[in-house]
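# Overview (structure and organization)
Listed here are the chains, written in short residue letters.
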Amino acid sequence: MGDDPTTRFDPRDPLLGTYRPVPYRPHVVPADEAEARQRDFLTAMQDRRSVRAFSTEPVDPAVIDRAILTAGTAPSGAHAEPWTFVVVTDPDVKSAIRAAAEEEERRSYADRMPDDWLTALQRLGTDEVKTHLTDAPVLVVVFAQAHFLDPDTGFTRKHYYVTESVGIAVGLLLASLRLAGLATLTHTPSPMRFLSEICGRPRNERPFVLIPVGHPAADATVPDLDRKPLDRIRVHV
Ligand code: IYR
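Residues numbered from 1 in each chain as written. Predicted model: local features only at pLDDT ≥ 70, side-chain atom pairs only at ≥ 80, totals over all residues. Heavy atoms only, no water.

## As for the overall build of the protein
Across its full length, the protein carries eight helices and six strands. Sorting the 237 residues of the protein into buried and exposed places 36% on the buried side. A total of about 15300 Å² of accessible surface is found on the protein, and carbon and sulfur atoms cover 53% of it. (Helix = DSSP H or I, 4+ residues; strand = E, 2+ residues; numbered from the N terminus. Buried < 20%, exposed > 50% of the residue type's maximum accessible area, 1.4 Å probe, protein only. Areas by Shrake-Rupley, 256 points an atom, 1.4 Å probe, with all protein chains shown as cover.)

## Here's the deal with the site of the ligand
By nearness alone, every residue bordering the ligand is listed as Arg-52, Glu-105, Tyr-109, Trp-117, Leu-121, Leu-124, Asp-127, Lys-130, His-187 and Thr-188. Glu-105 places a polar side-chain atom, nitrogen or oxygen, 3.0 Å from a nitrogen atom of the ligand. Protein burial of the ligand: of its 380 Å² of free accessible surface, 72% is covered by the chains. Sorting the residues of the shell around the ligand by element identifies helix H3 (91-112) and helix H4 (115-121) as the ones contributing at least two each. Considering only residue class, the shell around the ligand consists of four nonpolar, two polar and four charged. (Near = heavy atom within 4 Å. Polar contact = N/O pair within 3.5 Å; in protein donor to acceptor, adjacent residues only side chain to side chain. Nonpolar A, V, L, I, M, F, W, Y, C, P; charged D, E, K, R; others polar.)

## Focus: the pairing of strand S2 (residues 138-145)
When a strand is regular, its side chains alternate between the sheet's two faces. Across the eight residues that make up S2, a large majority, eight, are buried. Bridge analysis of strand S1 (residues 83-88) against S2 gives six bridges, and the strand direction is antiparallel. Residue pairing across strands places Val-87 opposite Val-140, the latter belonging to S2. (Pairing = 2+ DSSP bridges.)

## Notes on unusual backbone geometry
Residue Pro-191 is bonded to the preceding Ser-190 through a cis peptide linkage, with omega at -5 degrees. Inspection of the secondary structure puts Pro-191 in the loop between strand S5 (183-184) and helix H7 (194-199). Unusually for a residue other than glycine, Glu-81 sits at a positive phi of about 45 degrees. If you check the backbone angles, Tyr-161 has positive phi at about 50 degrees while not being a glycine.

## Some words on the pattern of salt bridges
A full pass over the atoms with the stated rule returns eight salt bridges. Notably, a salt bridge pairs Arg-12 with Asp-10, separated by 3.0 Å at the nearest N-O pair. Take Asp-10: its relative accessible area is 19%, and that puts it in the buried class. The residue Arg-98 makes a salt bridge to Glu-102 at a minimum N-O spacing of 2.9 Å. Of this pair, Arg-98 and Glu-102 both sit in helix H3, separated by four residues, roughly a single helical turn. (Salt bridge = Lys/Arg side-chain N within 4 Å of Asp/Glu carboxyl O.)

## Focus: the side chain of Asp-10
Residue placement: Asp-10 occurs in the segment before helix H1 (31-46). A polar side-chain atom of Asp-10 sits 2.8 Å from the main-chain amide nitrogen of Arg-12. Excluding its chain neighbours within four sequence positions, the residues that come into contact with Asp-10 are Leu-16 and Phe-155. (Contact = heavy atoms within 4.5 Å.)

## Examining the sheet that holds strand S6 (residues 205-214)
Taken in spatial order, the four strands line up as S1-S2-S6-S5 in an open sheet, and their pairing is antiparallel. Each having just a single partner strand, S1 and S5 make up the two edges of the open sheet. Sheet topology note: the S2/S6 ladder contains eight bridges and is antiparallel. For Val-140, the partnering residue across the bridge sits in S6 and is Ile-211. In the packing of helix H2 (residues 61-71) onto the sheet, contacts are made with S1, S2 and S6, and the angle to S1 comes to roughly 170 degrees. (Axes fitted to C-alpha atoms, helices over the stretch in contact; angles between N-to-C directions.)

Okay, structure coming up:
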């Protein structure tokens, strides 16, 4: 360390490297296909709803893996890719997650959530019973890496824009799963530290969101909600 710039950088740092530009050659979208592709994607996304009633029908593990690969294409601060996706299918682990989540949620609904929060949730029909955590065939538990930690050397370095990066990745994950015809729920039991222990994650990772994935139950219902129209979410300057 000190004034010599060659010693300012730690060789153990995974983000250490020099700028090495390579040509950018994405697939070209013909202009006459662009609109149809966008409309198809919009239609698929308009069908995405937060689902709380799942069928126990299994899902193809390859579908989950492709969705995670897609999530991993998200932009991230300093390209640190600060995410881990834990795929839970073991019924005992799902039961443990459900028991711990319901324990926290029972206390939240009874004592911890202020009235204005409970008011905001009324039209969603939620409560502390979380059957989706054992019915859904897969739970994807997303962890955000607040910093890099090398378990062998103990070397750590900060990650940047972690919440933004992981949030974008989760959006891509949900979109990919919906394109595959699956339903999801972005569930954030609060507090959700218990997920670190159950999933055996290291201390540089914090639970970000718990996502049951599967087919909706045949009799699944969703709240009757609208989405804001374009002229309420877009402003021209
Ligand atoms: N975590 C609780 C409460 C909850 C909070 C929000 I913000 C929601 O959009 C939905 C539910 C639960 O999962 O029931």
